[in-house]
Amino acid sequence: MLEKIKKTTTFLVSKIKDTPEIGMITGTGLGSIAEKMTIDIRLSYKDIPNFPVSTVEGHRGTLVAGRLAGRQIIVCDGRFHLYEGYSPLEVVFPVRVMSMLGVRYLLISSAAGGLNPQFESGDLMIITDHINLTGTNPLIGPNMDVFGIRFPDMSSVYDPRLISLAREAAVESRISIRQGIYAGLTGPSLETPAETRFLRIIGADSVGMSTVSESIAGVHCNLKIIGIVVVTNINLPDCMQKTSIEEIINTAETAGQRLAELWEKIISKLPVQGLGNK
Ligand code: HPA
């Protein structure tokens, strides 16, 4: 797998003019950030050696590199999920490639179900912490020492300073914002009322089928991570409503415009990190 990551990175280095400082992975219906960028290059995943291809509705499957808010950024517009049958290593492949390209920040967006009864459909939630309920971990297997250590510390996956910065950005952009804990499951089935009750009892504010694997790999390779979810539907155990993928995509697309605006503001405020390949 390491050889594949290196080959893909070498390919992308030959295609991308400037070293990206910021990497982003976008979720269902949330690719509108690319519309705000000055694009240097846009590549379909199928044209990138070793890149998996996303098979899900609402996920575009393109890698876009360029500038946003004066910063060099690379966006994976469309991600890979465990429920598609990808291994945890494949799911985090783009994170490791972006790290090897020299990225220092990992920005993650995702659609999620709301568990906190104060949340409403369409809300944006900054992830303050996560609960990995996927039953697996992308770091299982021989440790890839080039990226990081065997037992990475997980005490602040989502850096508190970056959470404050994201909140400030939301205030300045007059975008209302929530914050809370994200529970990551494999899916693809949605949650039963009993599972929903359980997730709330263990402290989750939102639930989704992505993000946790990517964040774990991001911590492993020492990236600074910000995660923001769009709450696309509300799951309350005592009055569960039926949820459809169409509803999730529609809400994500509408809220995605607001999220793209927020990302642009956040990016403009990110402290500049040392660049260069690791
Ligand atoms: N559950 C899990 N994942 C999701 C949901 C949900 O209700 N909504 C969007 N992604």
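The coordinates are above.
Attention in this report is confined to the structure presented alongside it. (Residues numbered from 1 in each chain as written. Predicted model: local features only at pLDDT ≥ 70, side-chain atom pairs only at ≥ 80, totals over all residues. Heavy atoms only, no water.)

## Focus on the overall build of the chain
Line of reasoning, step 1. Check the secondary structure of the chain and you find seven helices and nine strands.
Line of reasoning, step 2. Relative to a compact globule of 278 residues, whose C-alpha radius of gyration would be 19 Å, the chain shows 17 Å and is just as compact.
Line of reasoning, step 3. With the principal axes as the frame, the chain shows a C-alpha extent of 55 × 40 × 35 Å.
Line of reasoning, step 4. Looking at the chain as a whole, 55% of its 278 residues are labelled buried. (Helix = DSSP H or I, 4+ residues; strand = E, 2+ residues; numbered from the N terminus. Rg over C-alpha atoms; globule rule 2.2 N^0.38 Å. Buried < 20%, exposed > 50% of the residue type's maximum accessible area, 1.4 Å probe, protein only.)

## Describing the site of the ligand
Line of reasoning, step 1. Around the ligand sit A111, A112, G113, L190, E191, V207, G208, M209, T232, N233, N235 and I248, and those are all the residues in its vicinity.
Line of reasoning, step 2. In the model, a nitrogen atom of the ligand is placed 3.3 Å from a nitrogen or oxygen of the G113 main chain.
Line of reasoning, step 3. A distance of 2.7 Å separates a nitrogen atom of the ligand from a polar atom in the side chain of N233.
Line of reasoning, step 4. Relative to its unbound accessible area of 260 Å², the ligand is 95% covered by the protein chains.
Line of reasoning, step 5. Counting only elements with at least two residues in the shell around the ligand, the list comes to β5 (105-114), β8 (206-208) and β9 (224-234). (Near = heavy atom within 4 Å. Polar contact = N/O pair within 3.5 Å; in protein donor to acceptor, adjacent residues only side chain to side chain. Areas by Shrake-Rupley, 256 points an atom, 1.4 Å probe, with all protein chains shown as cover.)

## Observations regarding the pattern of salt bridges
Line of reasoning, step 1. In total, this model carries 13 salt bridges according to the counting rule given.
Line of reasoning, step 2. When the shortest N-O distance is used, the salt bridge between E214 and R79 registers 2.8 Å. Of this pair, E214 sits in helix α6 (residues 212-220) while R79 sits in the loop between β4 (71-77) and α2 (88-91), and the two are 135 residues apart along the sequence.
Line of reasoning, step 3. By relative accessible area, E214 is classed as buried at 1%.
Line of reasoning, step 4. For R79, a relative accessible area of 2% puts it in the buried group. (Salt bridge = Lys/Arg side-chain N within 4 Å of Asp/Glu carboxyl O.)

## Digging into unusual backbone geometry
Line of reasoning, step 1. Note the cis peptide between G187 and P188, where omega equals 5°.
Line of reasoning, step 2. Tracing the chain through its elements places P188 in the loop between β7 (178-184) and α5 (193-201).
Line of reasoning, step 3. Of note, R174 is a non-glycine position whose phi angle comes to about 55°, a positive value.
Line of reasoning, step 4. Relative to the elements of secondary structure, R174 occurs in the loop between α4 (160-172) and β7.

## Let's talk about the packing of α4 against helix α7 (residues 245-269)
Line of reasoning, step 1. Viewed as axis vectors pointing N to C, α4 and α7 meet at an angle of 125°, and their least axial separation amounts to 9 Å. Classified by the angle their axes make, α4 and α7 are oblique. Seen along the crossing, α4 lies across α7 with a hand that is right-handed. For the pair α4 and α7, the contacting residues are L165, A166, E168, A169, A170 and E172 in the first and L262, K265, I266 and K269 in the second.
Line of reasoning, step 2. Its residues assigned to classes, the contact of α4 with α7 comprises six nonpolar, no polar and four charged. (Axes fitted to C-alpha atoms, helices over the stretch in contact; angles between N-to-C directions. Parallel < 35°, antiparallel > 145°, perpendicular 65-115°, else oblique. Left-handed = near helix turned anticlockwise from the far one by under 90°. Contact = heavy atoms within 4.5 Å. Nonpolar A, V, L, I, M, F, W, Y, C, P; charged D, E, K, R; others polar.)

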